[in-house]
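Residues per chain are reported as follows:
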Protein chains: 2
Amino acid sequence: MSIKFAKTDHPVQEMIATRYSPYAFSDRPVSGADLRSIFEAARWAPSSYNEQPWSYIVATKEDAGEFERLLSCLVEPNQDWAKLAPVLALGVTRSRFARNDQENGASRHDLGAASAHLTFEATARGLSVHQMIGIVPERARELYQIPEHSEALTALAIGYAADPADAASPYRERDAAPRERKSIAAFVFTGTYGQSKPPFAEG
Amino acid sequence: MSIKFAKTDHPVQEMIATRYSPYAFSDRPVSGADLRSIFEAARWAPSSYNEQPWSYIVATKEDAGEFERLLSCLVEPNQDWAKLAPVLALGVTRSRFARNDQENGASRHDLGAASAHLTFEATARGLSVHQMIGIVPERARELYQIPEHSEALTALAIGYAADPADAASPYRERDAAPRERKSIAAFVFTGTYGQSKPPFAEG
């Protein structure tokens, strides 16, 4: 996987440098122990007022009917590649606090944090996670009876990445492409928004 | 810090089990190298269409004026404890895609992912991060000239946690309290939302 190593400007943990979102997954199944630990990792994410607004609907290929049902909540271009992953999940979040029914402005933010936790634990176990915003939320609501004030926002394909350099992969070009990011100076500011003066001296 | 170890039901990485959001920070400053690496970690978070909608406004105590300015964007109960942290940041996100000006439904979600990345790298370096939703976004917009379609959503206090058991800490009770979470069965579902049948067998 070394071809997918991020070209970082500053040192980061290997788990962060090697994580990427593969299109091609191998058909190797994910163990129950690994699945339990990746959702345990999501469980311990921080959240606004410890609301833990996230939930996940999960389907593995061992149950073909459930897998197909979950796959059908993805937009078609995502179904094409995600159907090869052994595990699919929907990321759901509740937009109101359970304790007082007030709007929770952090509900999507905190789902993002929980899914990042899940992805870290997965990466540490040799797994890959490819998250998608391209889903059909109304279909998910209907199929899974997602209640009012909760929403399916993302899908997650989880499994073992196929070799990104595999010439037989239909996703070879996408999977082998280098990872690109803005520079730190483009998103870390001091004093004024958009002002790229580094807030911490180099060296 | 062992008293803050999460009581996990399934094994997770030590970084996940030991991370918590302290109220009491020591006055030890954070090195420039550590700051560069934690924002580098945020940089490599995944995002919808690789938009990277997040940005951060950062102030360290070395610049008292900038630190006070950023502190003033927090609600007062958060100012009380966050003023002790050596580094503060605002988490900002852009709600429209740069490439086509369409709404980005993942903008808050992806800020949550980036801040989780930042927090992982910080934790690996012995630092702690305490995120807050309790800020005054309009004040941040005015002070930092945050443009339309971008919003300050969170603040982050970054530094070295004080010993949570320190009897002299005014936050001892909060910092020494055990971390609590819902069980996995309360947020991982199969087949129907709210149905707690474990999607992966135990054992």
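Use the structure listed above.
The shown structure was predicted, so the numbers you read here are calculated from the model rather than taken from an experiment.

Overview of the overall build of chain A
- Per the secondary structure count, chain A includes 7 helices and 5 strands.
- Helices and strands appear in chain A in the N-to-C order α-α-β-α-α-β-α-β-α-β-α-β.
- Against the compact-globule benchmark of 17 Å for 203 residues, chain A has a radius of gyration of 18 Å, which places it among compact chains.
- C-alpha atoms of chain A, sized along the principal axes, occupy 55 × 55 × 30 Å.
- Long-range pairs, those at least 24 residues apart, make up 71% of the contacts in chain A with a sequence separation of at least 6.

What about the packing of helix 5 (residues 107-124) of chain A against helix 5 (residues 107-124) of chain B?
- Contact pair helix 5 of chain A / helix 5 of chain B: the axes reach a minimum separation of 6 Å and the direction vectors enclose 45°. Looking at the two axes, helix 5 of chain A sits oblique to helix 5 of chain B. Both helix 5 of chain A and helix 5 of chain B take part in a crossing whose hand is right-handed. Residues A:Arg108, A:His109, A:Asp110, A:Leu111, A:Gly112, A:Ala113, A:Ser115, A:Ala116, A:His117 and A:Phe120 of helix 5 of chain A lie in contact with helix 5 of chain B, whose contacting residues are B:Arg108, B:His109, B:Asp110, B:Leu111, B:Gly112, B:Ala113, B:Ser115, B:Ala116, B:His117 and B:Phe120.
- Grouping the constituent residues of the contact of helix 5 of chain A with helix 5 of chain B by class yields 8 nonpolar, 8 polar and 4 charged.

A word on the pairing of strand 4 (residues 150-159) of chain B
Residues and elements named next belong to chain B.
- Counting buried positions along strand 4 gives 9 out of 10 residues, so the element sits mostly inside the fold.
- Strand direction decides the pairing type here: strand 2 (residues 87-94) and strand 4, joined by 8 bridges, are antiparallel. Looking across to strand 4, one finds that valine 87 is bridged to isoleucine 158.
- In this sheet, strand 4 lies alongside strand 3 (residues 128-132) in antiparallel orientation, the contact comprising 5 bridges. Bridging from a neighbouring strand, methionine 132 pairs with alanine 155 of strand 4.

Observations regarding the relation of the copies chain B and chain A
- Screw-axis analysis of chain B against chain A gives a translation of 0.0 Å along the axis, an RMSD of 0.0 Å, and a rotation angle of 180°. Each copy turns onto its partner about a two-fold axis. Among all residues of chain B, the minimum C-alpha distance to the rotation axis is found for B:His109, at 2.0 Å.
- In this assembly, 98% of the residues forming the interface of chain B have copies in chain A that are likewise at the interface, indicating an isologous arrangement.

Section: the sheet that holds strand 1 (residues 54-60) of chain B
- Read from one edge of the open sheet, 5 strands run 5(A)-1(B)-2(B)-4(B)-3(B), paired in mixed fashion. Whereas interior strands pair on both sides, the edge strands pair on one side only; in this sheet they are strand 5 (188-189) of chain A together with strand 3 of chain B.
- This element, helix 3 (residues 64-71) of chain B, spans strand 1 and strand 2 of chain B of the sheet and lies at about 130° to strand 1 of chain B.
- Taken strand by strand, helix 6 (residues 137-144) of chain B contacts strand 1, strand 2 and strand 4 of chain B, and its axis lies near 95° from that of strand 4 of chain B.

Re the nonpolar core
- With 112 residues, the main nonpolar core has A:Ala89, A:Leu90, A:Ile158, B:Ala89, B:Leu90 and B:Ile158 as its most contacted residues.
- Leave out the neighbours within four places in its chain, and A:Ile158 touches A:Val30, A:Ala85, A:Val87, A:Ala89, A:Ala122, A:Leu127 and A:Val129.

So, the pairing of strand 3 of chain B
- For strand 3 of chain B, the tally of buried residues reaches 5 of 5 residues, placing the bulk of the element in the interior.
- Burial along strand 3 of chain B is two-sided: B:Ser128, B:His130 and B:Met132 facing one way and B:Val129 and B:Gln131 facing the other are all buried.

Focus: the environment of A:Arg181
Residue and element names in this part refer to chain A.
- With respect to the helices and strands, the residue arginine 181 is situated in the loop between helix 7 (172-176) and strand 5.
- Since 19 C-beta atoms lie within 10 Å of it, arginine 181 is described here as partly exposed.
- As a C-alpha pair, arginine 181 and threonine 8 span 173 residues in sequence and 9.4 Å in three-dimensional space.

Here's the deal with the interface of chain B and chain A
- Taken together, the contact between chain B and chain A spans 66 residues of the former and 65 residues of the latter.
- Listing elements by their share of the side of chain B that touches chain A, those giving two or more residues are helix 2 (32-43), strand 1, helix 5, strand 4 and strand 5 (188-189) of chain B.
- The element best represented in the side of chain B that touches chain A is helix 5 of chain B, accounting for 12 residues.
- For the side of chain B that touches chain A, the per-class residue count stands at 35 nonpolar, 21 polar and 10 charged.
- Here strand 1 (residues 54-60) of chain A runs beside strand 5 of chain B; their pairing, made up of 2 bridges, is parallel. Residue pairing in the sheet places A:Tyr56 in a bridge with B:Val188 of strand 5 of chain B.

Re the sheet that holds strand 3 (residues 128-132) of chain A
- Sheet architecture is open: 5 strands sit in the order 3(A)-4(A)-2(A)-1(A)-5(B), paired in mixed fashion. Every other strand in the sheet has two partners, leaving strand 3 of chain A together with strand 5 of chain B as the edge strands with one partner each.
- Packing of helix 6 (residues 137-144) of chain A onto the sheet brings it into contact with strand 1, strand 2 (87-94) and strand 4 (150-159) of chain A, and relative to strand 4 of chain A it is tilted by some 95°.

Calculation notes
- Residues numbered from 1 in each chain as written.
- Chains lettered and ligands numbered in written order.
- Predicted model: local features only at pLDDT ≥ 70, side-chain atom pairs only at ≥ 80, totals over all residues.
- Helix = DSSP H or I, 4+ residues; strand = E, 2+ residues; numbered from the N terminus.
- Rg over C-alpha atoms; globule rule 2.2 N^0.38 Å.
- Contact = placed C-beta atoms within 7 Å.
- Axes fitted to C-alpha atoms, helices over the stretch in contact; angles between N-to-C directions.
- Parallel < 35°, antiparallel > 145°, perpendicular 65-115°, else oblique.
- Left-handed = near helix turned anticlockwise from the far one by under 90°.
- Nonpolar A, V, L, I, M, F, W, Y, C, P; charged D, E, K, R; others polar.
- Buried ≥ 20, exposed ≤ 12 C-beta atoms within 10 Å, placed from the backbone.
- Pairing = 2+ DSSP bridges.
- Least-squares fit on C-alpha atoms with pLDDT ≥ 70 in both.
- Core = buried A, V, L, I, M, F, W, Y, C linked by C-beta atoms within 7 Å.

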